[in-house]
Amino acid sequence: MLVVPASSTSQHDDRTPLLSNADGKEPRKPTPLPKGQIMILMLVALVEPIASQCIYPFINELVSGLDITGGDERVVGYYAGLIESLFFATQALTVFQWSRISDQIGRKPVLLVGIFGLSLSILCFGLSKTFAGLVISRCITGALNGNIGVMKSMLGELTDSSNMAQGFALMPIMWSLGCTLGPLIGGTLSRPQDHFPRLFGASFWAEYPYFLPCGIASAFAVVVFVVIVFFLKETLPNISCEKMSVSNDSEATAGRDSHRYDTINESSAYLTLSHTPQYDAPVPLRILLTPERILYIVNYGVLALVEICMFVLLPLFLSTPIELGGLGQTPAMIGLWMSGYGIVNSLFQAFFFAPLVSRFGKRTLFRVSYACFVPIFAIFPVVNCVARRWGVWWGIWGLMGCQLCLAVLTDMAFSSILMYITTSAPGRRSLGAINGIAQTTASIVRAIGPASATSMFAYSLQHELLGGYAVYLVMIAFTVATMKLASALPEEVGEWEQNARTSVAG
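Notes on the structure in this doc start here.

Cut-offs applied
- Residues numbered from 1 in each chain as written.
- Predicted model: local features only at pLDDT ≥ 70, side-chain atom pairs only at ≥ 80, totals over all residues.
- Heavy atoms only, no water.
- Helix = DSSP H or I, 4+ residues; strand = E, 2+ residues; numbered from the N terminus.
- Buried < 20%, exposed > 50% of the residue type's maximum accessible area, 1.4 Å probe, protein only.
- Areas by Shrake-Rupley, 256 points an atom, 1.4 Å probe, with all protein chains shown as cover.
- Phe/Tyr/Trp six-rings, centres within 6.5 Å; stacked < 30°, edge-to-face > 60°.
- Lys NZ or Arg CZ within 6 Å of the ring centre and 35° of its normal.
- Axes fitted to C-alpha atoms, helices over the stretch in contact; angles between N-to-C directions.
- Parallel < 35°, antiparallel > 145°, perpendicular 65-115°, else oblique.
- Contact = heavy atoms within 4.5 Å.
- Salt bridge = Lys/Arg side-chain N within 4 Å of Asp/Glu carboxyl O.
- Polar contact = N/O pair within 3.5 Å; in protein donor to acceptor, adjacent residues only side chain to side chain.

Comments concerning the overall build of the chain
Each helix and strand counted, the chain has 24 helices and zero strands in total. In the chain, which comprises 506 residues, the share counted as buried stands at 58%. Taken as a whole, the chain presents about 20,100 Å² of accessible surface, with 66% of it coming from carbon and sulfur.

Brief notes about the packing of aromatic side chains
For the coordinates displayed, the defined rule picks out 19 aromatic pairs. Summarising the aromatic geometry, the rings of Phe200 and Trp205 are spaced 5.0 Å apart at their centres and angled 85° between planes, so their arrangement reads as edge-to-face. Each member of the pair, Phe200 together with Trp205, is buried. When the centroid spacing of 5.2 Å and the interplanar angle of 50° are considered together, the rings of Trp337 and Trp397 count as tilted. Placement of Trp337 in helix H17 (residues 331–360) and of Trp397 in helix H20 (residues 394–423) is noted, with a sequence separation of 60 residues between them. The class of Trp337 is buried, set by a relative accessible area of 18%. A relative accessible area of 25% means that Trp397 is categorised as partly exposed. Joined through ring pairs, the aromatic side chains of Phe196, Phe200, Phe204, Trp205, Tyr208 and Phe211 make up one cluster. We note Lys129 situated over the ring of Tyr208; from NZ or CZ to the ring centre the distance is 5.4 Å.

Some thoughts on the packing of helix H18 (residues 362–371) against helix H19 (residues 373–390)
Contact geometry for H18 and H19: axes closest at 4 Å, N-to-C directions at 10°. Between H18 and H19, the angle falls in the class roughly parallel. Note on element contacts: H19 touches H18 through Phe373, Val374 and Pro375, opposite Ser369, Tyr370 and Ala371.

What about the pattern of salt bridges?
Tallied over the entire structure, the rule returns five salt bridges. For Asp103, the salt bridge is made with Arg100, and the minimal N-O distance between the two is 3.9 Å. With Asp103 and Arg100 both in helix H4 (residues 76–105) and three residues apart, the pair spans about one turn of that helix. When its relative accessible area of 0% is taken as the criterion, Asp103 is described as buried.

Describing the environment of Glu234
Mapped onto the fold, Glu234 is located in the loop between helix H11 (211–231) and helix H12 (239–243). For Glu234, a relative accessible area of 3% corresponds to the buried category. With 197 residues separating them along the chain, Glu234 and Gln37 place their C-alpha atoms 9.7 Å apart. Engagement of the side chain of Glu234 in a polar contact is seen with the backbone nitrogen of Arg107, the distance being 2.8 Å. In terms of polar contacts, Glu234 uses its side chain to reach the backbone amide nitrogen of Lys108, at 3.1 Å.

A word on the side chain of Asn384
Within the secondary structure, Asn384 is located in helix H19. Excluding residues within four positions of it along the chain, Asn384 makes contact with Phe317, Ile322, Gly325, Gly326 and Tyr469.

Quick look at the structure:
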């Protein structure tokens, strides 16, 4: 149960991190994660990367076949980047509203709307034969999908300070798994009439060559929708307490740390939270956005921008002919390569993230992970130069393998900064808002990132800026320039607020 000190002012309560402890010490033994609910939440987390990543292996080929490029392969990046950006642009307009709504009506209804919208839109994407149709389907996906912020809020409510690293390590694992399955589905199942003519010889598959991977992604979203309806339990206070039984184990409740939120146990017995007004009502934005929380959100936004630029440049680089600055690979090969990243990343995050956080701390891990983007972008021009001179040989794939390993390290930065953001929330009724603001920021930069990166790629090739490699120099310079933001992060979450309260008390 949350206890609000009598001497605390309302402002101080709103500045208090969600998982702060009275003695400043972490529990000796991590609280067991509610495995059933976490597993369902991870299925939800798996839907979006499958749906979004399955288009990457064939998006450039799809755009080339729409007869909007005039046969110029160098401008494909403009249109592909626009399609990839539209999801995040429309999501940026609605994700905060969805997160705020989840603070009022509950997390589960918002998740259901998002999954339904995702299923419908990816199905429409596979049936689209015009550029306008692709644009509309991506806009529907973004507008109805507020799931990311809501999932992070639920994960924060299902964990505490002792097991949060374990819980948040699962998010990049599921994203990586989705990044494995999505490109694999998109790369191997696009144009099925060419790869499996006996099974897909009907004229429908020739008319809609990219429907099969989109249809499979949509079907998976429908399955997850049904699982949510019947098995996922609400985690928001008041709403969950109205639907769930309350734990009768008063001794266990009294023994809990009075300054942290309790987790939902596996038997669905929810512990009662105090209905102190400060925690029962959402916090106004002007109070919620403290300097420390703004720093966390800005770091998250910058990280999301650099990461999305890397991921849209990778398939574009792999599909572009060697003589134009790429590697000239097929959609199937692109899908396999991106799937390899997902497999390696899943294993690494599962076994190494939580121990590394315990050993080095979130701040150090975030800074090192973010710095890995510099060599990642530097490898692109090196690979093309080698391919132009000696062709595609094992040394090329060795360099790409190094790039893949560095990309795996960068994913730890997301888990680290999300732990900062979630634990800085003043209460559960503000978790949706703080995660919504963070996700809105990420969506805005992810809307800008793909179009900007692919446009710079195309512009560099068209005008032969630095031999066509100017885009990579720009990304390296931006990464180096923003490293100072990472160094400003405190060692521990809530450190700034604790110093402020000490100063006031003194």
